[in-house]
Structures are given as structure tokens and as C-alpha cells.
Amino acid sequence: MKHRTMAASAALGLGLALGLGAMPASAATPDDSGSTSKSSATRAGYIGESNKATEAFFNAVVKDALKKQAAKPGIQAVTVRYDASGAPTFAGEIANSTAVWNAAVDNVTLTEGSGASFDYREGNDPRGSYASTDGHGNGYIFLDYAQNQQYDSDRVVAHETGHVLGLPDHYEGPCSELMSGGGPGTSCTNDRPNAAEAAQVESLWANGVASAAFDQAAFAK
């Protein structure tokens with residue numbers, strides 16, 4: 001696991017990643033009191049967000065990024081800016097995620113800078129790490145301390161960033177699938193999307209940007 005050492009309190013909330021959606025019944029086992037046991041939640045891994053929430057985040061980021069680049073007609077790739085100042089503990093992992101995704105896809109480029117379309121945050125949360133948006137251009141990726149101690153942190157960050165780029169969870173998949181998240185277990189350290197995932201992001205940003213541009217043009221009439 002990664003080099004960081006967290007406070008003991010960070011280890012208390014290991015009920016991992018309900019995200020914005022509900023945990024599947026197969027991923028959690030209720031105890032006698034009806035609550036989810038820590039051991040079951042730990043085995044479940046980081047589950048992430050509902051597909052609907054992922055789509056909302058993607059749509060918001062596409063429209064926000066396109067609006068900011070409206071002064072640059074004819075661009076082929078859309079640049080999405082993020083703010084990492086709220087997650088200093090994970091600066092290395094965020095930089096790695098950016099490099100991974102920028103090497104994997106061409107239709108969208110991630111970069112840190114002003115005028116961010118989303119930001120990274122860190123802290124303790126019993127839901128684990130997740131991506132969240134209000135659907136109106138404001139969104140963030142939350143990185144949970146305890147979860148990033150248990151799972152490979154580079155993989156967690158790249159996985160959550162994949163949600164911003166439009167990819168849903170597929171936690172039934174193998175370790176070679178980045179969006180399988182914690183499904184393959186804590187031994188999985190793959191932090192790169194496979195060819196199919198990269199192709200899906202390419203298609204989403206080509207079609208998503210075209211759709212957003214059309215919507216804006218129609219609105220302007």
C-alpha cells in the first residue's frame with residue numbers, strides 16, 4: 001500500500017464507498033442489528049456512484065469545459081481543468097491519474113489550473129471515495145483516508161477520475177478493468193484503463209462535446 005500513515009481515527013470508518021447510489025445486496029451482509037458489518041463492507045471495496053450520477057457529472061463537466069473554451073473555435077480536444085488544492089495528501093496520485101488518462105485518450109485533456117470544472121477533496125467518510133456533482137458544473141472527487149490505505153491509492157484516484165470522464169462502475173470486472181474498482185480485491189494495483197475503457201471515453205467526449213455544442217447553438221437562437 002502507499003507510503004502515507006493516517007491518524008488512528010481514519011481507520012474507524014471502513015464501511016466503504018456507497019457513493020451516491022445504493023450498495024448492491026450482494027456487496028453487503030446485514031448483521032443482527034440490520035446494519036452493514038465492517039468486514040462485509042471492507043470486502044466489498046469501493047463501489048462508486050450510480051450510473052445516473054456519473055452521467056450527470058460527465059454532462060456538467062463537458063458543458064462547463066466547452067463554455068470555457070468557446071473562444072477557441074475549431075479545437076479538437078477539450079481541456080478539463082481541475083483544482084487539487086483540497087487534497088494535498090494525494091498530490092502524487094492525482095498527478096499520476098492525470099498522466100494516465102492523458103496518455104490513454106486524445107479527445108479530452110486533464111490539467112490542473114484556474115477555472116476548474118471540478119476539484120479533489122480529502123478526509124474521512126464512511127462511504128469511502130466517490131465523485132459527486134450538483135449537475136450544474138460544480139463537482140468534486142472525494143478521497144477517503146482509510147480506503148486509500150487499504151486499496152492501491154493510484155488505482156482509487158484514477159478510478160474516481162474515470163467517473164468524471166463518463167465511465168460507470170463495473171465492479172464485476174477483472175483487475176485489468178480500471179472501473180472494476182475494489183471488486184478484484186485489495187491486491188489489485190492496476191491504475192490504467194484498458195483499451196475498451198479508453199475507447200469509451202474517446203467516444204463519450206467526441207459525441208458529448210458535439211451534443212453540448214449543438215445544445216448551446218440551439219439555445220442561442
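Just so you know, the residues in each chain are numbered from 1, in the order the chain's sequence is written. With pLDDT at 70 or above as the cut-off, local features in this predicted model cover only qualifying residues; side-chain atom pairs require 80 or more to be listed or tallied, and sums for whole chains, interfaces and linings still use all residues. The basis for every side-chain value is the complete set of non-hydrogen atoms in the structure, without hydrogens or water.

Caption draft 1: Examining the overall build of the protein more closely. Counting from the N terminus, the helices are the DSSP runs of H or I reaching at least four residues and the strands are the DSSP runs of E reaching at least two. The helix and strand tally for the protein stands at 6 helices and 5 strands. Ordered by position in the sequence, the α and β elements of the protein form the string α-α-β-α-β-β-β-β-α-α-α. Taking all 221 residues of the protein together, 48% fall into the buried category. Residue contacts are defined here by distance: any two heavy atoms, one from each residue, within 4.5 Å place the two residues in contact. Excluding contacts between residues fewer than 6 apart, the proportion of contacts in the protein whose partners are at least 24 apart in sequence is 69%. We get accessible surface area from the Shrake-Rupley algorithm with a probe of 1.4 Å; when it comes to residues, only the shown protein chains can shield them. Split by element, the accessible area of the protein, about 10200 Å² in all, is 54% carbon and sulfur. Under the scheme applied here, a residue whose accessible area is under 20% of the maximum for its type counts as buried, over 50% as exposed, and between as partly exposed, the area being computed with a 1.4 Å probe on protein chains only.

Caption draft 2: The confidence of the model for the protein, seen in detail. Averaged over the protein, the pLDDT score is 75; the fraction of residues at 70 or greater is 66%. Ranking the elements of the protein by mean pLDDT puts helix α1 (residues 38–44) last with 31 and helix α3 (residues 91–104) first with 98. The score called pLDDT rates the predictor's confidence residue by residue, from a low of 0 to a high of 100. Here residues 1–45 is a poorly scored stretch, pLDDT under 50, and it has 92 contacts once near neighbours within four places are set aside; other chains count. This stretch, residues 216–221, has a pLDDT under 50; its non-local contacts, to residues over four places away or in other chains, come to 3 contacts.

Caption draft 3: Geometry of the packing of aromatic side chains. We call Phe, Tyr and Trp rings a pair once their centres come within 6.5 Å, taking the six-membered ring for Trp, and we label the pair stacked below 30 degrees between planes, edge-to-face above 60, and tilted otherwise. Per the counting criterion, the structure on display carries 8 aromatic pairs. The interplanar angle of 90° and the centroid separation of 5.4 Å between the aromatic rings of F58 and W205 together place this pair among those described as edge-to-face. Here W205 lies in helix α6 (residues 195–220) and F58 lies in helix α2 (residues 51–68), a separation of 147 residues in the sequence. Of the residues examined, F58 reaches a relative accessible area of 6% and is grouped as buried. Following the ring pairs from residue to residue traces out a cluster consisting of F57, Y82, F118 and Y120.

Caption draft 4: Region of interest: the sheet that holds strand β5 (residues 139–144). A pair of strands is considered paired only if DSSP assigns at least 2 bridges between the two. The 5 strands lie next to each other as β2-β1-β3-β5-β4, forming an open sheet whose pairing is mixed. Looking at strand neighbours, the two that pair on one side only are β2 (108–112) and β4 (130–133), the edges of this open sheet. Averaged over neighbouring strand pairs, the angle between their axes works out to 25° when direction is ignored. In this sheet, β5 lies alongside β4 in antiparallel orientation, the contact comprising 4 bridges. Geometry is summarised by axes, namely lines fitted to C-alpha atoms with helices restricted to the contacting stretch, and by angles between N-to-C directions that run from 0 to 180 degrees.

Caption draft 5: Local environment of the nonpolar core. Here, the term nonpolar core denotes a set of buried Ala, Val, Leu, Ile, Met, Phe, Trp, Tyr and Cys residues that are joined through side-chain atoms within 4.5 Å. Counting 36 residues, the largest nonpolar core has V80, I94, W101, F118, Y120, V201 and W205 as the members making the most contacts within it. It is α2 that provides the largest number of residues to this core, a total of 6 residues. Aside from chain neighbours lying at most four places away, what touches W101 is L110, A158, T161, G162, L165, L167, L178, P193 and V201.

Caption draft 6: Local environment of the pairing of β5. The buried count for β5 comes to 6 of 6 residues, which makes it a mostly enclosed element. By the alternation rule, side chains of β5 split into G139, I141 and L143 and Y140, F142 and D144, which are all buried. Taken together, the 5 bridges between strand β3 (residues 118–123) and β5 define a ladder with parallel strand orientation. When the sheet's bridge partners are listed, Y120 is paired in β5 with I141.

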